[in-house]
Amino acid sequence: MKKSCFFIVSKSIVVALFLMFANGAFAQGKAFPSKPSQEFWKNVQFGGGVGLGFGSGYTSVSLAPSAVYAVNQTVSLGLGMQLGYSNEKHRYTSFVYGGSLIGLVNPIPEIQLSLEIEETNASTKYQIFGSNISNNYWNTGLYLGVGYRTGNVTIGGRYDVLYNANKSIYADAFMPFVRVYF
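Residues numbered from 1 in each chain as written. Predicted model: local features only at pLDDT ≥ 70, side-chain atom pairs only at ≥ 80, totals over all residues. Heavy atoms only, no water.

## Some words on the pattern of salt bridges
- Considering all chains together, one arrives at 3 salt bridges under this definition.
- Note that R91 is salt-bridged to E88, the shortest N-O span being 3.9 Å.
- Among the residues examined, R91 registers a relative accessible area of 53% and is labelled exposed.
- Measuring nitrogen to oxygen at the nearest pair gives 3.1 Å for the salt bridge that ties E116 to R158. Residue E116 is located in strand β5 (residues 111-128), and its partner R158 is located in strand β7 (residues 153-160); the two are separated by 42 residues in the primary sequence. R158 carries the same exposure label as E116, and that label is buried. (Salt bridge = Lys/Arg side-chain N within 4 Å of Asp/Glu carboxyl O. Buried < 20%, exposed > 50% of the residue type's maximum accessible area, 1.4 Å probe, protein only. Helix = DSSP H or I, 4+ residues; strand = E, 2+ residues; numbered from the N terminus.)

The structure is reproduced here in structure tokens:
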């Protein structure tokens, strides 16, 4: 299973490098723009999400930074990362990490369609009837999403078409989201 994560990360790096150099090679017919790195970075937006949850004996923290490259006014492609920690006192502890490839399409400025493939590793420890049970596994999600976009903020929902209730790190295949890019 570790090969799967390595494959996703390797593929992500190749895609990012391609985008970096493709922009300079094809931008407005110029063979060699004067400053390709500046051309590339002005089309990159950074964003992501942060989650915090606290309760009586419960803690949940997540961080999901991402960056997308605007290929044009309609299409953006990018990479994301995910880190998460959950703990319910005397019941379980979970640590999740992974990466994702992101595709965004804005057919009109107010509507954003998304396609994300996410590879995550979940490491959980349960305490059941005085026994400690550990589980460590990889999970792949393929999310189709739609949202309403205004400025840098998109509010919508996404659905995991590969959802498996016995393996997913999420409780449901459908998830609402708020996406912010600057």
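Having seen the structure, we can now continue with the description.
## Here we look at the layout of surface pockets
- Space inside the largest pocket adds up to approximately 1,100 Å³.
- Lining the largest pocket are 45 residues, with S62, Q82, R158, Y170 and M175 positioned closest to its centre.
- Contributions of two or more residues to the lining of the largest pocket are made by β1 (44-55), β2 (58-70), β3 (75-88), β4 (92-108), β5, β6 (131-150) and β8 (174-181).
- Class assignment for the residues of the lining of the largest pocket results in 23 nonpolar, 18 polar and 4 charged. (1 Å grid on protein atoms, 1.4 Å probe; cavity = no way out; pocket = protein on both sides within 12 Å on 5 of 7 lines; lining within 4 Å. Points joined across faces, edges and corners; volume = space filled by probe spheres on them. Nonpolar A, V, L, I, M, F, W, Y, C, P; charged D, E, K, R; others polar.)

## What about the packing of aromatic side chains?
- Inspection of the entire model under this criterion finds 7 aromatic pairs.
- Each ring, one from Y92 and one from Y126, has its centre 6.2 Å from the other, and the planes form 40°; the classification is tilted. Separated by 34 residues along the polypeptide, Y92 in strand β4 and Y126 in strand β5 bring together distant segments of the chain.
- Accessibility expressed as a relative area gives 24% for Y92, which makes it partly exposed. (Phe/Tyr/Trp six-rings, centres within 6.5 Å; stacked < 30°, edge-to-face > 60°.)

## Regarding the pairing of β2
- As defined by bridge partners, β1 adjoins β2 across 12 bridges and the pair is classed as antiparallel. Within the sheet, the bridge partner assigned to Q45 lies in β2 and is V68.
- Taking the residues between adjacent antiparallel strands as the criterion, β1 and β2 are bridged by 2 residues, where G57 takes a positive phi near 80°.
- One ladder, built from 11 bridges, connects β2 with β3; its direction is antiparallel. Paired with L63 across the two strands is L83, which belongs to β3.
- Counting the residues in the hairpin turn of β2 and β3 gives 4 residues. (Pairing = 2+ DSSP bridges.)

## As for the sheet that holds β1
- Taking strand neighbours around the barrel as the criterion, the 8 strands line up as β1-β2-β3-β4-β5-β6-β7-β8 in a closed arrangement whose pairing is antiparallel. In this sheet, adjacent strand axes meet at a mean angle of 25° when their direction is disregarded.
- Examined bridge by bridge, β7 and β8 share 7 bridges and lie antiparallel to one another. Each bridged residue has a counterpart across the sheet, and for R158 the counterpart in β8 is M175. (Axes fitted to C-alpha atoms, helices over the stretch in contact; angles between N-to-C directions.)

Remember that the coordinates give geometry; whether it matters functionally is a separate question.
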